[in-house]
Amino acid sequence: MTNALLEPRAVGAETRPLLRISGLEVAYDGVPVTHDVGFEMAPGEVVALVGESGSGKTTTAQAVIGLLPPNGEITRGEIRLNGEEVSRWSPRRFDSIRGSVVSLIPQDPGASLNPVLTIGAQVSEVFRLHGRRDRAGIRAEVLALLERVGLSQPELRFRQYPHELSGGMKQRVLIAMALALKPALVIADEPTSALDVTVQKRILDLIDELRAENGTAVLLVTHDLAVAADRADRIVVMRGGRIQEQGPARELLAAPKEAYTRRLLADAPSLSAPALARPGRLGGETAIEVRGLVQNFPTDRGGSFRAVSNVSFSVARGSTHALVGESGSGKTTTARAVVGLRRPDGGKILVNGQDPAALRGEELRQFRRRIQLVYQNPFASLDPRQSLRAAVEEPLLNFEPLAKAERERRVHEVFARVQLAPELLERRPAALSGGQRQRAAIARALVLKPSILVLDEAVSALDVTVQAQILRLLDELQRDLGLTYLFVSHDLAVVRAISDTVSVLQGGEIRESGPVAQVFEAPQTEYARQLIAAIPGRLRRG
Amino acid sequence: MTRRLLERLGQALLVLWAAFTIAFVLLQLMPGDAVLIKFVGGDLGLSPEAVAEIRAFYGADAPAWRRYLDALAGVVTGDFGYSIASGVPVAEEIRTNLPATLWLAGLAFALAVGLALLVAFLATLGPFAWLRGAFQALPGLMVSIPVFWLGVLLIQIFSFKLGWVSVIAPGPWERLVLPVIAISIPIAAPLAQILIRNLDAVSTAPFVHVARAKGASRRWVMLRHVLRNALLPALTIAGVLFGELLAGAVVTETVFGLNGIGRLAEQAVRAQDAAVLQAVVLIAAFGFVAINLIVDLLYPLFDPRLRRGGRAPA
Amino acid sequence: MTLNLTRRIFAAASLSAALLASTALLAETPKQGGILVYLEQQPHTVLYPPAGGFYPNGGILNQITDKLTYQNPETLEIEPWIAESWEVNEDATQYAFKLRPGVTFSDGSPLDAAAVVANFDAFGLGDQARNFPVSEVVNNYERGEVLDPLTVRFHFKAPSPGFLQGTSVIGSGLVSLATLGRNYAELGDARLIIGSGPFLVKSQTTGSEVVLSVREDYAWGPKLHPHQGRAPLDGIRYVITPEDGVRIGALLSGQADFVRQIQAYDEKQVTDRGYALYAPSTRGVNNSVVFRPDNPLVADIRVRQALLHATDAKEIVETLFSANYPVATSIIAANAQGYVDLSDKLTYDPELADKLLTEAGWIVGASGLREKDGAVLEFTAYESPPQPQNRATLQLVAQQWGRLGVKLNVLAGDSGSRTQDNLDPEKTPVSPAMVGRADPDVIKSQYHPTNRNVLLQLGGVAEKVKSFRDDRLNGLLEAVAAETDPAKRLALTAEVQNYVIDQAYAIPIFEEPQVFGGAPYLKGVGFEAVGRPSFYGAWLDR
Amino acid sequence: MTDILRSFPSAASARLAPPRFGWSRRPPLGLLLAWAVLLVAAAWAVAPEIFTSQSGVVGIPSEKLQAPSAAHWLGTDELGRDLLARIIHGARYSLSGAFLAVGVGLVFGAAIGLTAGSVGGRVEAILMRIVDVMLAIPSLLLALSLIIILGFGHAQAAIAVGVTSIASFARLVRSEVVTVRRSDYVEAAFGSGGRFLQVIWRHVLPNSLTTVLAYAALQLGWAILQISTLGFLGYGAPPPTPEWGLLIAEGRKYMMAAWWLTAFPGLVVILVVLAANRVGRAAERATR
């Protein structure tokens, strides 16, 4: 096949765009989900495709690499790669340029490697698919590649299976596969959203480096405007399957033309300045007191693993304390112990002066009226078979008998509190958006009038704009009801926006703690400094 | 590893003991006993005294607990006792019947696996949409056919009408052809269903998408990535299929007049031939437990995720 | 000329064809060789010769054992076999037999006077230690005496006129001392039966197959038998094929040579295709429904008579059976010894039945069933699987009785329940009478309480019987057995038949033949007096 | 420990790409046909008189073993009974038997599974060992033995079949219960002061039952097959009950003389089982 695309560095590459999409319409089962999408990419350029879930950004990216789901098809428009219209190519013809001319860095490194093949086999496959046959040569090249993407002990990695690698390592392997044949265009589809912040930064840095090395263009698909701001030359903002706005990153961020872009910018916690003015609420009565908490988990082999060791902090009534850390840091375990869902293996917890570990049966039930947990995933924390009314009413039924009218009043009251329309009361969770669900979950937590809310990654699963709304709601509730929050999050930007005090956890221990301003502006420990440096958007801000 | 293995073996023994005990209790609850059925119901014109003597000869006049302990002690020492219905030692009954059933079940299983693979492939990779649809619906039909009905039909058509295979040929092989087909079809159905479901599920897994992005064709992806991942979970229903095979053996051995454990078991139930039934239940339970144990132990060989050790920091 | 014994011949397509075949048989010399495939419905149970009444047992025993005498199936004359000659004293209390020299069992041991005495001692006296029951054909036996190695004399406590014929039946087959040394319970294993017959047991697969092979040195067939010397067949393979449909299908598709139990509805297929149908009569008790008068429901003779007249045997035979199954005209077959025609007493007369039931106080109630003092005229009977189409027969009987408001429930039941309940008149007031065996003293062995006791009188195996006992009937039965004068014996037999029908103890339905099917190329099959096949002279013409 | 964004993107992409088998548009033709078959069978069971004027148990002896004709669409049996009438009248026994069998399995299996899954610990270990034992005993032999103990009859056969399915129901219910019990909303229900039994009743039971009920629908077809297998082996309803398995079992003897007695009841069983499976599968898909 004589194919200009197989020569990505062909003469004239500078003069014509590497990728040119125009009037693209993709339909699933005949229903269009993108409309008139069009943009261009120059060779070596980084373009960020930004949007919230459902905006059509992933669909567009899939169309470019010719891997739409079986029920999807391109109904209108064209995709030109190096000037050639590829959207109508036969699958076989497309196979020949995938991996060599266009390649993909996928979203979820955990599931993107075949669990039953070794890393070596999977990376080698790229070479074999594109005509290389010499085993030894491939092996040498793969080992070099693994080393290049920053994997230690490449010989060992070559033999290992995916489950033996951490998330960050897997993403490095995937990057190695995507860049193995030095393609002209790499599509990076949310390449870091499943990773911890520090890892996220290192991976993005790696992609940047390799891009610079090979002159590869990158189409970066992301929901995170901050990431786009840090990495992209140009930004394309999508919403509801349409392009809202596009332009050079600097210009677009500095002077967004569209209202939607402005809102995205305003709502992105890492880009905007601390949004919520925190009045001095410290120094009051202590609501939560944790001293020397130890939590162990049994392991498969009958041993035990210390998830939390010697964690101490206290939270003043009416204030917000954040537990921040990466996955495995022990922050959620700590929060669950505070709510009384786990008994500590050591140390002491006092909540409103009571030790949840010492409570049994009825006392524990009564204790739970005062402290409520809000979960990360509003899809999982509401019973799919219950209407919102039943879900919110249920806690009331668990305690002293209330007249029906009184219950009704309380339900409506708390619904109004979380700014949910009363007509949603009869709906089931499946009929609600993520934001509405999380509001309902908060309503359920509030209906018993607790004094403390423990929020476990309560906004992490939400789109930025929704996230911002919920954060504002939480702030209002705290002010109006005098609530105390224990806020668990991996997202430092969000933590900075809502917390008064913060404890930074790593490996089950507190690395640093103190008032937010102090920790963020003048971190004392190396780990805290790294974490804060990894918050995306800093490059842009400055 | 060894501790886990010992634990599993202990559990297996417990299951075997319980199965044996349940079989014994069930037999006690049945009206009459083997001696009554054979020597009174059997139209032999024996006097009540003669029947009582025969009962004493077999030790069938002892109290239940005594017989239970005797039978248990016998089994532990490898003595399965005497079949009242046929008058030969149970061990010999098993020896003559087990190989036939093992062949029947083994061949049927092999055919079922082949059939399931074929159907699953055609259902997911077949050339035309209508063909794929037809093959997707096929397992549903296969599982709806009563084995005995299929057996009767197969005999009528292929043996009696077309004369292709004999159902009473002297060698074991020719007689096995139709029964093997009859059993394998309903066994293949759930297997095919699981395979189709897995192939569908694995085909949409992110790693398949990634492999395609590397430039792999659909076929390459199917063979190298999808197949192994889709086949693995099918292993877990091996134990269930074993039970199905046994039930299939009972029915087909009856329809085709083959000898084997299945028919032996059914006849033992009918004749309340305690020693035989207990032995069959033990063998079946042993098979079930052993297969599950083997699958459990083998699974890690095929799925590196279940291999112990070497876990990197999360 | 074996075919003539069968009263009704359906050989080949027509009777003339059968005659042709039989004349051909005279002219042809048998071809030697080949294995006969015999499909049998049920597996054998015990091969102790006196248990040979059960057809599957007899079908095997008849080939592997010889008898002292041979009853010519045509003439019913007793002819020499192992005994070359015999003498009987006046009052039939002493029998002396002169044995044929040079006869051996298949284990090589001689069949001499000692062996014969051992056999008849076991048959006539039973053996407590070995659980051998007393043979029903040997009555009043006292002892056997070895006069010289080839001469024996048997002594009887009382006259035993039936003994000479008794030495010719399958139940008096001679087995070696080794076999007699076994326990009764072991004799389910065919390989343990060592006889002197033309075939010997080569192998058995319990419950499914028995293979016989020819004895090359066999030279002592019945003296007047058309065939002499080694049997033409090389062997016989008995395959247990319980499925009716498979047996007939296998025969017609050429996979089997000879099958037992061709059902009436399949007869046409057999003859239409030119296959031979053999339907030797069993000359025994007719297929009947019998009452258990111990049960109060049928204690009233009027009820029994009513049901007798409510049963339309003709309809049953026409619906379910064929010309090989004559409608019963007595309790025994028309060609059995001592038969009298009682068809006048066996009329189908629903009006009479209605009258009798009404007289007895059974009035049709609201449910449509007859009632009396709160009791309903409802019976339960277990079907008897070995009898031809017994389930359908009973259902048709139930339909016929149903027209008169009498309910008959037909149960399939497991063997245990069936055996137990069939011994309990409360549970089974009526029962199909089994004709699984054929004995010379058929009526006595069917009705006498110490034998098969079908009426369930006091004093038999049935322990649940409360009071019923008919001494007149038993007296008559014993008189028949003891009577030495043939004429008087016949008269007594006639009296018994009349008595049973007058008392309406049984409803005879049809005369049961043994219907066999044979391939057109199978020749020379013989049948003994009660319909069990003999393959001594059989050969395959192919 | 937290599974950041793990479940969220998949749910979002599911929304983006509509599922291939959806209820969103008209149900597929096959499913409609399956429902139609089941409705007809149910109608036969409820009011057989509407569909046939002939008796299912009493025949006309003179019209025995007739081939299918205008008078007897599916022919007659050895006693001159109309086969179609017998099939129609038999629906009641076969369907009620299937429901009874599945009911027995469901109720007892759910009780065991729910107790094991929600109480946990030693109780769970013991119950699941018992389930293991039940699975290890060949189900057909267990059913045959139970029938001998319970006596012969169509209800007894159904119960025996039901008992053999308890173990698989118990396993499924337990695994569902364990999943549901681990879910956030159950923890939240406890967290808002719910008592053990209340939470089990309000959340765990209903949420685990959806899958289980779909499985039960699938089991209906299986139960019909099992009951007819028992009938075939001679352990079914006593004659003249026109239960379908019994029809095949009886009819097969006449295979050479009257093929229709075997063929048609077999086809009816296949159709109904197929329909029940189709509907069950659709239900299962809808709950997933």
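Thresholds applied
- Each chain has its residues counted from 1, running along the sequence as written.
- Chain A is the first chain written and ligand 1 is the first ligand written, with later ones labelled in order.
- For this predicted model, a pLDDT threshold of at least 70 governs which residues receive local features, and a threshold of 80 or more governs which side-chain atom pairs are given and counted, while totals over whole chains, interfaces and linings are taken from all residues.
- Remark: hydrogens and water are excluded; side-chain values derive from all non-hydrogen atoms of the structure.
- Only heavy atoms enter the contact rule, under which two residues are in contact if any of them lie within 4.5 Å.
- Summed over both partners, the accessible area (1.4 Å probe) lost when two parts come together is defined as the buried area.
- Salt bridge, as used here, is a side-chain nitrogen of Lys or Arg placed within 4 Å of a carboxyl oxygen of Asp or Glu.
- By the criterion applied in these results, polar contacts are pairs of N or O atoms within 3.5 Å in which, for protein atoms, one can donate a hydrogen and the other can accept it, and in which residues neighboring in sequence qualify only through two side-chain atoms.
- Note on conventions: DSSP H or I runs of at least 4 residues are helices, E runs of at least 2 residues are strands, and numbering of each starts at the N terminus.
- Each residue gets one label: Ala, Val, Leu, Ile, Met, Phe, Trp, Tyr, Cys and Pro are nonpolar, Asp, Glu, Lys and Arg are charged, and the others, such as Gly, are polar.
- Residue ranges assigned to the domains are those given by an automatic or database domain assignment.
- Take the buried residues of types Ala, Val, Leu, Ile, Met, Phe, Trp, Tyr and Cys, join any two whose side-chain atoms come within 4.5 Å, and each joined set is a nonpolar core.
- For the exposure calls, accessible area comes from a 1.4 Å probe over protein chains only, and a residue counts as buried if that area is under 20% of its type's maximum, exposed if over 50%, partly exposed in between.
- In summary, the pairing rule links any two rings of Phe, Tyr or Trp, Trp by its six-membered ring, whose centres are within 6.5 Å, and it sorts them by plane angle into stacked for under 30 degrees, edge-to-face for over 60 and tilted for everything else.
- Our definition puts a charge over a ring when NZ of Lys or CZ of Arg is within 6 Å of the ring centre and also within 35 degrees of the ring normal.
- Here the rule is simple: two strands pair whenever DSSP picks up at least two bridges between them.
- Handedness of a crossover is defined as follows: orient the strands so they point away from the viewer, and if the path from the first strand over the helix to the second runs clockwise, the crossover is right-handed.
- Helix axes are fitted only over the stretch in contact, all axes being lines through C-alpha atoms; the angle between N-to-C directions runs from 0 to 180 degrees.

With that out of the way, let us pick up the interface of chain A and chain D. In many reports, interface size means the accessible area that the parts give up when they come together. Every contact between the two is made by 46 residues of chain A and, on the other side, 32 residues of chain D. Here chain A and chain D share an interface that buries about 3,400 Å² over both sides, 54% of which is from carbon and sulfur atoms. The interface formed by chain A and chain D contains three salt bridges. On inspection of chain A and its partner chain D, the count reaches 12 residue pairs in polar contact (both at pLDDT 80 or more). Among the secondary structure elements, those contributing two or more residues to the side of chain A that touches chain D are α11 (331-339), α12 (361-368), β16 (371-374) and α13 (388-398) of chain A. The residue makeup of the side of chain A that touches chain D, split by class, is 14 nonpolar, 18 polar and 14 charged.

Here the focus is the domain arrangement of chain A. Residue and element names in this part refer to chain A. In terms of domain boundaries, chain A breaks down into domain 1 (2-101 + 183-267), domain 2 (114-182) and domain 3 (286-541). When each unit is reduced to the centre of its C-alpha atoms, the spacing between domain 1 and domain 3 is 36 Å. Surface buried jointly by domain 1 and domain 3 totals about 1,700 Å² across both partners, of which 52% is contributed by carbon and sulfur atoms. When the buried surface of domain 1 facing domain 3 is broken down by residue, V197, D230 and D267 rank first, second and third, together holding 34% of it. The interface formed by domain 1 and domain 3 holds one salt bridge in total. One salt bridge in this structure joins D267 and R472, with 4.0 Å as the shortest N-O distance. At the junction of domain 1 and domain 3, the tally comes to four residue pairs in polar contact (both at pLDDT 80 or more). Elements with a contribution of two residues or more to the side of domain 1 that touches domain 3: α7 (197-214), α8 (225-231), α9 (249-254) and α10 (259-267).

With that settled, consider the nonpolar core. Counting residues in hydrophobic clusters, the biggest one holds 326 residues, and the most contacted among them are C:W401, C:Y447 and C:F535. With 15 residues, helix α8 (residues 172-203) of chain B is the single largest residue contributor to this core. Leave out the neighbours within four places in its chain, and C:F535 touches C:L36, C:Y38, C:Q63, C:F199, C:L233, C:I236, C:Y238, C:F258 and C:V525. Within the second largest apolar cluster, 53 residues are counted, among which are A:V46, A:L174, A:A228 and A:L253.

If you walk through the whole model with that rule in mind, you get 45 aromatic pairs over all chains. For the ring pair C:F120 and C:F154, a centre distance of 5.0 Å and an interplane angle of 50 degrees mean the geometry is tilted. In this pair, C:F120 is assigned in helix α3 (residues 113-125) and C:F154 in strand β8 (residues 151-156), connecting sequence segments 34 residues apart. Across the pair, exposure class does not vary: C:F120 and C:F154 are buried alike. Within the aromatic cluster, the residues linked to one another by ring pairs are C:Y48, C:W86, C:Y95, C:F97, C:F120, C:F123, C:F132, C:Y141, C:F154, C:F156, C:F163 and C:Y184. The ring of A:W89 has A:R93 lying over it, and the distance from NZ or CZ to the ring centre is 4.0 Å.

Let's shift gears to the pattern of salt bridges. Following the criterion strictly, the structure yields 78 salt bridges over all chains and no others. The partner of A:R80 in a salt bridge is A:E78, and the shortest N-O contact between them spans 2.8 Å. A relative accessible area of 28% means that A:R80 is categorised as partly exposed. One salt bridge connects C:K314 with C:E318, and the closest N-O pair in it is separated by 3.4 Å. One end of the pair is C:K314 and the other is C:E318, both in helix α9 (residues 313-320) and four residues apart, which spans about a single turn. The network of salt bridges with shared partners includes A:K201, A:D205, A:D208, A:R211 and A:R231.

Once that is clear, we can look at the pairing of strand β18 (residues 378-382) of chain C. All names here are of chain C. Across five bridges, β18 lies against strand β19 (residues 407-411) in parallel orientation. Residue pairing for β19: F379 is matched across the bridge by L408. Following the backbone out of β18, through helix α11 (residues 390-402) and into the adjacent parallel β19, one traces a crossover that is right-handed.

Pairing between the strands of a sheet comes from backbone hydrogen bonds, and it takes one of two forms, parallel or antiparallel. All names here are of chain C. Taken together, the three strands give an open sheet; going across it, the order is β20-β14-β21, and neighbouring strands pair in antiparallel fashion. The open sheet has two edge strands with one neighbour each: β20 (430-433) and β21 (506-510). Strand-to-strand twist across the sheet, computed as the mean angle between neighbouring axes with direction ignored, equals 20 degrees. Bridge analysis of strand β14 (residues 287-291) against β20 gives four bridges, and the strand direction is antiparallel. The residue of β20 that forms the bridge with V290 is S431.

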